[in-house]
Structure formats: C-alpha cells, structure tokens
2 protein chains.
Amino acid sequence: MDKKSNDSSKPHMIEALSVDNVVLGIENGRLMVLTAKYNAGLAQGQWGLLGGWVSYDEPIDNAAKRILKMITGVDDMYLEQFRAFGDVQRYPAERVVTIAYYALVRPDLYKMMPGGTASHVEWRDVHKLPTLIYDHSSIVKAVLSHLKNKIRHEPIGFNLLPEKFTLLQLQEVYEAILDVKLDKPNFRRKILKMNLLIDCEEKQKGVMHRAASLYRFDMVVYQKLCEHGFNFEF
Amino acid sequence: MDKKSNDSSKPHMIEALSVDNVVLGIENGRLMVLTAKYNAGLAQGQWGLLGGWVSYDEPIDNAAKRILKMITGVDDMYLEQFRAFGDVQRYPAERVVTIAYYALVRPDLYKMMPGGTASHVEWRDVHKLPTLIYDHSSIVKAVLSHLKNKIRHEPIGFNLLPEKFTLLQLQEVYEAILDVKLDKPNFRRKILKMNLLIDCEEKQKGVMHRAASLYRFDMVVYQKLCEHGFNFEF
DNA sequence: GCAAAAGTGTTTCCACTACACCCATGG
DNA sequence: CCATGGGTGTAGTGGAAACACTTTTGC
C-alpha cells in the first residue's frame with residue numbers, strides 16, 4: 001500500500017480507508033502469493049500486498065479491481081472480498097482501516113506490468129513468505145485459512161487452472177490449498193460424480209507418459225448446485 | 001445508523017466509515033433480528049440495523065461492540081465481522097462504507113435500553129421484515145445466507161441458547177436458521193456423536209410432558225475439532 | 001522393458017435416511 | 001387414557017477410504 005497521495009490533481013480519496021489484495025496462484029503445485037515492492041511512501045523499499053486507496057466515487061470492489069489492473073494489467077480475475085482489518089495500530093502514523101480482497105489467478109497467463117506505486121512484483125511461496133509490511137502477513141494467513149474452508153464447499157479451484165485441465169492438475173490445486181495429499185482414484189471418482197466437469201474429448205499433448213483427458217468446468221451445473229447447496233470435501 | 005455527529009466534544013470519528021450490526025436471536029422457534037428506530041439524522045423515524053460511527057482511536061471490532069452495548073446494555077454477546085459494504089450509493093448524500101457485523105444472542109436474556117440514537121428497538125421475524133434504511137435489507141439477507149453456510153460447519157448455534165438446553169431446543173435453532181424440518185432421531189444421534197455436548201445429568205422442569213435431558217456445549221472438544229476441521233451438516 | 005502417470009476395480013466400513021416404535025409425564 | 005414430546009431400534013442405502021491392479025505412452 002502506498003502512502004496517501006496529497007496531489008490534488010488526483011481523484012479525491014477516502015481518508016483512513018484502503019484496499020489490499022491477496023493474489024494467489026499455483027506454480028508447480030505450490031500455492032503462491034503476489035507481493036509488491038513499494039517505491040514510495042511509508043512502505044518504500046519493503047514488500048507487501050497489492051493495495052491502494054479508495055476513491056470517493058467508486059465502489060470498494062472497483063477500487064480493488066482498479067488497483068489490481070494497474071499493477072498486473074489484468075481485470076478479469078476472480079476477485080472476492082474477504083473482510084476488513086481495522087486495528088488501531090495496524091498502519092503506522094495514521095489510522096487506516098483496510099478491506100482485504102483475494103484473487104485467484106493463473107500466474108502463467110499474463111505478464112506483470114509493475115507500475116504506479118509498485119516498482120516490482122514477485123510471486124512467492126505462501127509457506128516461505130518474508131515479513132510483509134503492516135499487518136499484511138496476518139491478512140495472508142487469514143485468507144489462506146478462509147480459502148481452505150471455502151474450497152471444501154465451492155469449486156473455486158477452477159479459477160486457478162487453464163480452461164482445459166487434467167484431473168491431476170485439479171487434484172494438485174486441492175492439495176496445494178489444503179496442504180494435504182489426496183488419493184488419486186478417490187479424487188477422480190468424487191469429482192466426476194459431481195457432474196461439474198465436461199469431458200473435452202481431447203487429450204493432453206507433449207507429455208512423456210500416457211496422455212490424460214482434458215476437462216472443463218461446467219458453469220451451468222455449478223449454478224444449479226449452488227442453489228441447492230452441496231458438499232465439496234476431500 | 002445515526003447521522004454523523006459534528007459535535008466537537010465527542011470523540012473524533014472516522015469519516016465515511018460506519019459499522020452496522022445484525023443482531024439475531026431465536027424466539028418461539030423463529031429467527032428474529034433486532035431493528036432500531038432512529039430519532040435523529042437522515043434516518044429519523046425509520047427502521048434500520050444498529051449502527052454507528054467508528055472512532056479514530058478504537059479498533060473496528062470495538063466500535064461494533066460499543067454501539068451494541070449502548071443500545072442493548074450487553075457486551076458479552078457472540079459478535080463477528082461479516083464484511084464491508086461499499087457501494088457508492090448505499091448511503092444518501094454522502095459516501096459511507098460500512099462494515100457489517102452479526103451477533104447471536106438470547107432475546108430473553110436482557111432488557112433493551114434504547115438510548116443514544118435509537119428511540120426504540122424491536123425484534124422482528126427475519127421473514128417479515130419491513131423495508132430497512134439504506135442497504136440494510138440486503139445486509140440482513142447476506143448475513144442470513146452466510147449464517148446458513150456457517151452453521152453447517154461451525155457450532156455457532158449454541159450462542160442462541162441458554163447454557164443448559166435440550167436437544168430439541170438445539171434442533172429448533174438449526175431448523176430456524178436453515179429453514180427446514182429435521183428428523184429428530186437422526187439429529188440426536190448426529191449431534192451426540194460429535195461429542196460436543198456434555199450431559200448435565202439434569203432434567204428439564206415445569207414441562208407438561210416427559211422431561212428432557214439438559215446438555216451444555218463442550219468448548220474444549222470444540223477447540224480440538226476446529227483444528228482438525230469437521231463437518232456439521234444436517 | 002522401464003518409468004511415470006492414467007485410469008479401473010474391489011472390499012470394507014461408516015454415516016445418513018426414513019421410518020416404526022416404546023417411554024414418561026401432566027391433565 | 002390421551003396428548004405431547006423424549007428417546008431407542010433397525011433395515012437399507014450410498015459414499016468414502018485404502019489399496020491392488022491394469023493401461024498407455026515416451027524414451
């Protein structure tokens with residue numbers, strides 16, 4: 001998060017309110033989080049989440065989206081509010097309440113365009129994070145815990161994969177987030193029985209072993225299941 | 001939520017940020033929400049949630065607690081943050097982002113002491129709510145939906161009951177929140193098998209039928225289960 | 001043939017469902 | 001003895017866990 005701008009040519013920002021994004025992706029079966037190095041302000045030279053201020057005339061969800069787009073160049077990622085963090089001491093020198101969001105993305109999909117307040121961005125293994133600025137470390141921790149719960153009940157895992165994926169890739173997403181090993185045969189059966197996957201009738205290419213079938217997520221069936229509530233445990 | 005105070009004798013409040021509480025309780029097997037009638041400000045004469053402003057020198061959680069205590073006189077209720085609501089138009093005349101909290105309480109436990117900004121408070125059936133001010137109706141709706149999910153995975157239902165309760169009372173909590181009928185024998189078995197209940201070795205009194213056993217919630221077992229993750233579906 | 005991952009089969013067990021049924025108490 | 005809720009029993013079903021096994025492919 002950058003220090004607050006006092007430049008009056010910029011849009012009017014809400015005082016004492018910010019947004020911070022926990023951007024997550026999977027790389028080589030490991031859950032990674034995007035960190036930014038700030039080139040100005042209180043956090044100059046330090047690493048933190050991708051945050052910024054909320055304009056008086058934009059919804060908070062848009063603020064999160066705008067900040068992400070500014071730094072990553074992408075605006076169609078899965079983005080959801082987590083919750084607000086509002087301890088008095090969380091931000092030095094000034095009272096700032098922040099609203100944390102999390103995004104699930106595919107690290108391979110786009111090139112980062114560090115700009116604005118972040119001079120560099122870097123993917124880091126969530127298990128090997130350095131200390132982040134302010135309370136960002138605890139925000140990440142809370143989001144990860146939330147995600148472990150969420151993935152058991154909603155098929156958010158698909159946002160971390162390409163449109164067409166193999167069952168093993170999907171399993172690796174679950175394993176990365178839940179931090180456990182799963183039984184392959186049982187995982188297959190369970191996920192297939194949900195009817196959330198459509199067989200692409202297509203095989204993997206360029207692998208040095210038997211090619212796996214490719215599947216894609218069936219959004220229509222998903223919407224129906226949502227209304228009835230369903231179980232997603234492994 | 002009251003109109004912002006400009007009285008400089010009061011503590012300095014954060015601009016554009018408020019807190020709103022969805023206070024829930026069970027009465028006669030029906031899920032009720034506490035509403036307040038405001039006696040001043042933009043919302044004068046109208047019904048809404050129990051809200052207020054956040055002071056510069058208090059954590060947001062404390063703000064929610066303080067406002068609840070001011071209006072209800074109670075400060076030991078189960079209170080948890082839900083999430084922020086930050087549409088530009090949600091509050092008329094001014095940009096205000098609000099952080100919604102929900103509380104689970106026993107309506108019978110205490111007398112309301114309407115004071116401060118709320119001239120009256122009233123319990124209302126969540127299925128028969130009038131239109132509330134601002135976006136409070138949609139906040140209630142979102143909290144109820146959240147609660148339906150949450151009660152399936154965490155034993156929050158106990159917060160709505162007296163310390164000692166019967167299995168049927170507990171079942172009624174689940175039925176009120178989930179808005180379904182449950183099978184009594186199966187509910188008993190499932191809940192007992194979780195080992196979350198301690199038999200008080202005591203019977204109900206003053207009922208005109210066979211007296212039921214009283215149970216209480218086992219916090220210690222609960223803490224252990226939390227760490228391992230467990231299922232609470234019905 | 002070997003390695004690596006894809007994919008199938010099978011057995012065991014446990015949990016959930018849907019009931020039928022008996023028990024205790026007050027009126 | 002009846003109404004009301006408390007509480008137990010049980011047959012059937014389906015899913016989950018564990019693990020052995022077969023298949024396909026590149027090298």
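Up top you'll find the structure we're talking about.
About the criteria used
Residues numbered from 1 in each chain as written. Chains lettered and ligands numbered in written order. Predicted model: local features only at pLDDT ≥ 70, side-chain atom pairs only at ≥ 80, totals over all residues. Heavy atoms only, no water. Near = heavy atom within 4 Å. Polar contact = N/O pair within 3.5 Å; in protein donor to acceptor, adjacent residues only side chain to side chain. Helix = DSSP H or I, 4+ residues; strand = E, 2+ residues; numbered from the N terminus. Nonpolar A, V, L, I, M, F, W, Y, C, P; charged D, E, K, R; others polar. Least-squares fit on C-alpha atoms with pLDDT ≥ 70 in both. Contact = heavy atoms within 4.5 Å. Buried area = accessible area lost by both parts, 1.4 Å probe. Salt bridge = Lys/Arg side-chain N within 4 Å of Asp/Glu carboxyl O. 1 Å grid on protein atoms, 1.4 Å probe; cavity = no way out; pocket = protein on both sides within 12 Å on 5 of 7 lines; lining within 4 Å. Points joined across faces, edges and corners; volume = space filled by probe spheres on them. Domains from an automatic or database assignment. Axes fitted to C-alpha atoms, helices over the stretch in contact; angles between N-to-C directions. Parallel < 35°, antiparallel > 145°, perpendicular 65-115°, else oblique. Left-handed = near helix turned anticlockwise from the far one by under 90°.

A. Inspection of the protein's contact with DNA strand C at higher detail. Taken together, 20 residues surround DNA strand C, and among them Lys184(A), Arg189(A), Asn186(B), Lys190(B) and Arg210(B) come closest. Among the atoms of DNA strand C lying within 4 Å of the protein, the sugar-phosphate backbone contributes 58%. Ser213(A) has a polar backbone atom sitting 3.1 Å from a phosphate oxygen of DNA strand C. The side chain of Lys190(B) places a nitrogen or oxygen atom 2.9 Å from a phosphate oxygen of DNA strand C. Elements supplying a minimum of two residues to the surface near DNA strand C: helix H4 (184-193) of chain A together with helix H4 (184-193) of chain B. Residues belonging to the surface near DNA strand C are distributed by class as follows: seven nonpolar, four polar and nine charged.

B. Molecular detail of the relation of the copies chain B and chain A. When chain B is fitted onto chain A, the two copies agree to an RMSD of 0.1 Å after a turn of 180° and an axial shift of 0.0 Å. Both copies of the chain, as the preceding transformation shows, are related through a two-fold rotation axis. Of the C-alpha atoms belonging to chain B, the one lying closest to the rotation axis is found on Arg83(B), 2.4 Å away. The share of interface residues of chain B whose copies in chain A are also at the interface is 100%, consistent with both copies meeting through the same surface.

C. Structural detail: the interface of chain B and chain A. With 25 residues of chain B at the interface, the matching set in chain A holds 25 residues. Summed over both sides, the interface of chain B with chain A buries roughly 1800 Å², with 59% coming from carbon and sulfur. Considering only the side of chain B, the residues that lose the most area to chain A are Tyr56(B), Gln81(B) and Arg95(B), jointly responsible for 26% of the buried surface there. Here chain B and chain A share zero salt bridges between them. Where chain B touches chain A, the interface holds ten residue pairs in polar contact (both at pLDDT 80 or more). Breaking the side of chain B that touches chain A down by element, the ones donating at least two residues are strand E1 (13-27), strand E4 (50-55), strand E5 (78-85) and strand E6 (97-105) of chain B. Top element by residues in the side of chain B that touches chain A is E5(B). It accounts for five residues. Considered class by class, the residues forming the side of chain B that touches chain A number 13 nonpolar, five polar and seven charged.

D. Spotlight on the layout of surface pockets. All names here are of chain A. Of the pockets and cavities examined, the second largest pocket occupies roughly 540 Å³. Forming the boundary of the second largest pocket are 24 residues, of which Tyr78, Phe158, Asn159, Phe217 and Met219 lie nearest the centre. Residue assignment for the lining of the second largest pocket shows that the elements contributing at least two residues are strand E5 (78-85), strand E6 (97-105), strand E9 (213-217) and helix H5 (219-228). Three or more residues apiece are contributed to the lining of the second largest pocket by two domains, here domain 1 (13-151) and domain 2 (156-228).

E. Region of interest: the packing of helix H2 (residues 136-151) of chain B against helix H3 (residues 167-178) of chain B. All names here are of chain B. One can describe the packing of H2 onto H3 by two numbers: an axis separation of 9 Å at closest approach and a directional angle of 140°. What the angle tells us is that H2 and H3 run oblique. Considering how the two elements wind past one another, H2 and H3 form a crossing that is left-handed. Contacts from Leu147, Lys148 and Ile151 of H2 reach H3 at Val173, Tyr174, Ile177 and Leu178.

From the geometry alone we can't say anything about function, so treat these as descriptive.
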